[in-house]
Amino acid sequence: MNQLLFFAGLKEAAGTEKVDMDLAGLTVEEVKKKVGDVYPSDQIQTSMVAVNEEFALRDYKIEEGDTIAFLPPVSGG
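To start, this report covers the structure provided alongside it. Bear in mind the structure is a predicted one, so any value in this text is a computation, not a measurement. (Residues numbered from 1 in each chain as written. Predicted model: local features only at pLDDT ≥ 70, side-chain atom pairs only at ≥ 80, totals over all residues. Heavy atoms only, no water.)

Right, let's get into the nonpolar core. Leu-4, Phe-6, Leu-23, Val-35, Ile-62, Ile-68 and Phe-70 are the most contacted members of the largest nonpolar core, which totals 17 residues. When residues of this core are traced back to their parent elements, those giving at least two are β1 (2-6), α1 (9-14), α2 (28-38), β3 (48-51) and β5 (67-71). Contact partners of Ile-62, with chain neighbours within four places excluded, come to Asn-2, Leu-23, Ala-24, Gly-25, Leu-26, Val-28, Val-31, Val-51 and Ile-68. (Core = buried A, V, L, I, M, F, W, Y, C linked by side-chain atoms within 4.5 Å. Buried < 20%, exposed > 50% of the residue type's maximum accessible area, 1.4 Å probe, protein only. Helix = DSSP H or I, 4+ residues; strand = E, 2+ residues; numbered from the N terminus. Contact = heavy atoms within 4.5 Å.)

Below, the structure written as structure tokens:
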């Protein structure tokens with residue numbers, strides 16, 4: 001089982017701060033698609049993903065027990 005964490009606007013879009021989901025064996029890209037199917041939001045697809053507190057590339061493979069955080073794009077000026 002994996003824990004998903006949602007931050008900022010993603011938390012409101014998902015309606016929750018965290019949820020458990022079985023995602024082991026999927027890539028980050030596949031996780032984004034699966035999570036986007038459950039919690040439809042354009043922000044899911046454009047968000048950055050961290051696995052175990054480190055940013056992960058789209059082909060990174062999720063392992064059992066990993067914590068996956070979705071962070072929306074940030075802009076500043």
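What follows concerns the side chain of Asp-66. On the secondary structure map, Asp-66 appears in the loop between β4 (54-55) and β5. Despite being buried, Asp-66 has no salt bridge partner; Lys-61 is the closest side chain of opposite charge, sitting 11 Å away. Excluding residues within four positions of it along the chain, Asp-66 makes contact with Asn-2, Gln-3, Val-51, Asn-52, Tyr-60 and Lys-61. (Lys, Arg positive; Asp, Glu negative; His and termini not counted. Salt bridge = Lys/Arg side-chain N within 4 Å of Asp/Glu carboxyl O.)

Another point: the pattern of salt bridges. Overall, the coordinates contain two salt bridges when judged by the stated rule. When the shortest N-O distance is used, the salt bridge between Glu-29 and Arg-58 registers 3.5 Å. On the criterion of sequence distance, the pair formed by Glu-29 in helix α2 and Arg-58 in the loop between β4 and β5 is long-range, its members being 29 residues apart. The class of Arg-58 is exposed, set by a relative accessible area of 59%.

The next thing to look at is the packing of aromatic side chains. Per the counting criterion, the structure on display carries two aromatic pairs. Centre to centre, the rings of Phe-6 and Tyr-39 are 5.6 Å apart; their planes meet at 70°, and the pair counts as edge-to-face. With Phe-6 in strand β1 and Tyr-39 in the loop between α2 and α3 (42-46), this pair connects stretches of sequence that are 33 residues apart. For Phe-6, a relative accessible area of 1% corresponds to the buried category. Relative to Phe-70, the ring of Phe-6 has its centre 5.7 Å away and its plane inclined at 20°; by these criteria the two rings are stacked. On the criterion of sequence distance, the pair formed by Phe-6 in strand β1 and Phe-70 in strand β5 is long-range, its members being 64 residues apart. Both residues of the pair, Phe-6 and Phe-70, belong to the buried class. Here the aromatic cluster, defined as three or more aromatic residues joined through ring pairs, consists of Phe-6, Tyr-39 and Phe-70. (Phe/Tyr/Trp six-rings, centres within 6.5 Å; stacked < 30°, edge-to-face > 60°.)

Taken as a whole, α2 has its buried residues at Val-28, Val-31, Lys-32, Val-35 and Gly-36. The buried residues of α2 all sit within an arc of 130° when viewed along its axis, so they share a single face. If you follow the buried residues of α2, they end up packed against β1, β2 (18-21), α3, β3 and β5. (Arc of directions from axis to C-beta.)

Just geometry here; none of it tells us what the structure is for.
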